[in-house]
Amino acid sequence: MNRAELEAYILDNYSTEPSYPWRKYPGFAVFRHSSNQKWFALIMDVPKSRLGLQESGSLHVVNLKCDPILIGSLLGKTGFFPAYHMSKEHWITAALDGSVPDDQLKLLLDMSYEATAPRARRKQSK
């Protein structure tokens, strides 16, 4: 899945448009819940060297909130990196170059969306 495909998937499945909060980084797209404004995805174009790769150029990636237990197993797979500019304990970076299977990326996106969703208010007992 590439960047355009992921952005279309987010719009189709979550009815969420990107925001671009940084003038210095006009290509960094933030996707938020409309109700609580929490981020569930951040798409960026990052220099490969910043991800620990020895290649030149840049790579489109997405940051997703993820269960810390799952992060450890994902980091051993192709296309996954420690979170770029986010908490490495709760976020992971995935490449948008086709190295991460589409179904896995969609599952992680769904998990990130749920992890950042507003919590239902509990009724207070009398």
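Everything here concerns the structure above.
Now for a description of the structure that goes with this document. (Residues numbered from 1 in each chain as written. Predicted model: local features only at pLDDT ≥ 70, side-chain atom pairs only at ≥ 80, totals over all residues. Heavy atoms only, no water.)

In spatial order, the strands read E1-E2-E3-E5-E4; together these 5 strands make up an open sheet with antiparallel pairing. Edge positions in the open sheet fall to strand E1 (29–32) and strand E4 (80–82), since each of these has one partner strand only. Pairwise comparison of adjacent strand axes, ignoring direction, gives a mean angle of 25° for this sheet. As paired elements, strand E2 (residues 39–47) and strand E3 (residues 58–65) share 7 bridges and run antiparallel to each other. Opposite Ile43, over in E3, you have Val62 as the bridge partner. Contacting E1, E2 and E3, helix H1 (residues 3–14) runs over the sheet at an angle of about 170° to E2. Along the sheet, helix H3 (residues 102–115) contacts E2, E3, E4 and strand E5 (91–95); its crossing angle with E3, the most-contacted strand, is approximately 45°. (Pairing = 2+ DSSP bridges. Helix = DSSP H or I, 4+ residues; strand = E, 2+ residues; numbered from the N terminus. Axes fitted to C-alpha atoms, helices over the stretch in contact; angles between N-to-C directions. Contact = heavy atoms within 4.5 Å.)

The axes of two packed helices give the description: the angle between them and the distance between them. The N-to-C vectors of H1 and H3 enclose an angle of 50°; their axes lie 12 Å apart at closest approach. Taken together, the axes of H1 and H3 are oblique relative to one another. In the crossing of H1 with H3, the sense of the turn from one axis to the other is right-handed. Within the contact between the two elements, H1 uses Leu6, Tyr9, Ile10 and Tyr14 and H3 uses Lys106, Leu109, Asp110 and Tyr113. Tallied by class, the residues present in the contact of H1 with H3 amount to 6 nonpolar, no polar and 2 charged. (Parallel < 35°, antiparallel > 145°, perpendicular 65-115°, else oblique. Left-handed = near helix turned anticlockwise from the far one by under 90°. Nonpolar A, V, L, I, M, F, W, Y, C, P; charged D, E, K, R; others polar.)

For the structure shown, the criterion picks out 7 aromatic pairs. Aromatic side chains Tyr14 and Tyr113 sit 4.3 Å apart centroid to centroid with 25° between the ring planes, which places their arrangement in the stacked category. Of the two residues, Tyr14 is situated in helix H1 and Tyr113 in helix H3; the sequence distance between them amounts to 99 residues. Residue Tyr14 is classed as buried on the basis of its relative accessible area, which comes to 12%. The partly exposed category is assigned to Tyr113, whose relative accessible area is 22%. Taken together, a centroid distance of 4.9 Å and an interplanar angle of 85° make the contact between Phe40 and Tyr113 edge-to-face. With Phe40 in strand E2 and Tyr113 in helix H3, the pair connects residues that are 73 residues apart, well separated along the chain. By way of ring pairs, the aromatic residues Tyr9, Tyr14, Phe40 and Tyr113 are connected into one cluster. (Phe/Tyr/Trp six-rings, centres within 6.5 Å; stacked < 30°, edge-to-face > 60°. Buried < 20%, exposed > 50% of the residue type's maximum accessible area, 1.4 Å probe, protein only.)

Moving on, we come to the pattern of salt bridges. For the coordinates displayed, the defined rule picks out 2 salt bridges. Between Glu7 and Arg3 there is a salt bridge, with its nearest N and O atoms 3.0 Å apart. Of this pair, Glu7 and Arg3 both sit in helix H1, 4 residues apart, which is roughly one turn of the helix. Given a relative accessible area of 21%, Glu7 falls into the partly exposed group. Glu55 is the partner of Lys48 in a salt bridge, and the nearest nitrogen-oxygen pair spans 3.1 Å. Here Lys48 falls in the buried class, since its relative accessible area comes to 17%. (Salt bridge = Lys/Arg side-chain N within 4 Å of Asp/Glu carboxyl O.)

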